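Overview (structure and organization)
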Amino acid sequence: MISALPKIWHACAMALMLVALGFITGCSEGDSPSGNDPALQPADLLPASGEISGWDKGSGAGDYGEADDQASLYALINGAAELFIQHGFEEGVKQNYFGSVGGAQTSLELFISGHGAAANVAALFEEDQIVPPGLTPWEMGDEAAIDESLPFHLAIHLRQGPFYTRVTIERGSDDTAALIVAQDFAAAVAQEIP
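Per-chain numbering applies: the sequence of each chain, read as written, is numbered from 1 onward. Only residues with pLDDT of 70 or above have their local features reported here, since the model is predicted, and side-chain atom pairs are shown and tallied only from 80 upward, although totals for entire chains, interfaces and linings are computed over all residues. Here the side-chain values reflect all heavy atoms present in the structure, with hydrogen atoms and water set aside.

Comments concerning the side chain of arginine 159
Basically, it comes down to this: Strands here mean DSSP runs of E at least two residues long; helices mean DSSP runs of H or I at least four residues long; both are numbered from the N terminus. Buried residues are those whose accessible area, probed at 1.4 Å on protein chains only, stays under 20% of the maximum for their type, while exposed residues exceed 50% and partly exposed ones sit between those limits. Contacts described as polar in this section are N or O atom pairs within 3.5 Å, which, within protein, must combine one atom able to donate a hydrogen with one able to accept it, while residues neighboring in sequence count only if both atoms come from side chains. Between two residues, a contact is recorded if the distance between any of their heavy atoms is within 4.5 Å.
Within the fold, arginine 159 resides in strand β7 (residues 153-160). Given a relative accessible area of 15%, arginine 159 falls into the buried group. One polar contact links arginine 159 to glutamate 143, side chain to side chain, over a distance of 2.8 Å. Not counting chain neighbours up to four residues away, the residues in contact with arginine 159 comprise Val121, Ala122, Phe125, Gly141, Asp142 and Glu143.

A closer look at helix α2 (residues 70-77)
Heads up, the rule is: This arc is built from the directions going out from the helix axis to the C-beta atoms.
Every buried residue of α2 is listed here: Leu73, Leu76 and Ile77. Each buried residue of α2 lies within a common arc of 75° when the element is viewed along its axis, so the set occupies one face. Turned more than 90 degrees from where α2 packs its buried face, Ala71 and Ala75 sit exposed. The inward-facing, buried residues of α2 abut β2 (64-67), α3 (81-86), β3 (91-101), β4 (104-114) and β8 (163-170). Two to three positions downstream of the cap, the backbone nitrogen of alanine 71 sits 3.3 Å from a side-chain oxygen, assigning the N-cap of α2 to aspartate 69. Asparagine 78 sits one or two positions beyond α2 and adopts a positive phi of about 55°.

Quick notes on the pattern of salt bridges
Put simply, the rule reads: Whenever a carboxyl oxygen of Asp or Glu lies within 4 Å of a side-chain nitrogen of Lys or Arg, that contact is scored as a salt bridge.
For the structure on display, the rule yields three salt bridges. One salt bridge in this structure joins glutamate 109 and arginine 166, with 3.5 Å as the shortest N-O distance. Here glutamate 109 is found in strand β4, whereas its partner arginine 166 is found in strand β8, with 57 residues between them in sequence. Classification of glutamate 109 as partly exposed rests on a relative accessible area of 25%. Overall, the relative accessible area of 17% leaves arginine 166 in the buried class. Note that arginine 171 is salt-bridged to aspartate 175, the shortest N-O span being 3.0 Å. The class of aspartate 175 is partly exposed, set by a relative accessible area of 39%.

A closer look at the environment of histidine 157
Tracing the backbone shows histidine 157 in strand β7. A relative accessible area of 3% places histidine 157 in the buried class. Taking the C-alpha atoms as reference points, histidine 157 and alanine 145, separated by 12 residues in sequence, lie 5.3 Å from one another. Not counting residues up to four positions away in its chain, the partners in contact with histidine 157 are Phe125, Ile130, Val131, Pro132, Leu135, Glu143, Ala144, Ala145, Tyr164, Thr165 and Arg166.

Structural data, given as structure tokens:
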């Protein structure tokens, strides 16, 4: 029995080295055999402070929130939670960012929800209460649309894989600059989804 211990220790050490080698040589966050990471959560998709030049995450009360059921989702987005739940809602996150548009300080709200399957998000995208009809199409992700009908804000609705994203930004005095910032945020989220 004593002579078997070095062999067991040697086998354990080799197994640990192989696991470590796997991590070093190619396993990275987001890798999976299917190319779709089931562990990817909406909070993982939030751009970091400064990732979009001049824009930082808010850290005050109400600047960040998460939801994983109808009640917490309703509190987070203040309405239409039932439609999200009907379309496979699993988890959502809201983050406020602060920066400037046209030289004026302004804010942007980023909401991302996960729905388990791209088909659920495609169906959600067809709901007029979520994505109003008649919006300007934008070629990003699986589907995107720009809502310029709001009086003081503009919004982008985006679907990519099993995720729905809404970017809402105050227009400030420069609609074009506000749209570019909103598009930068939406594109940053879409690019993180395999």
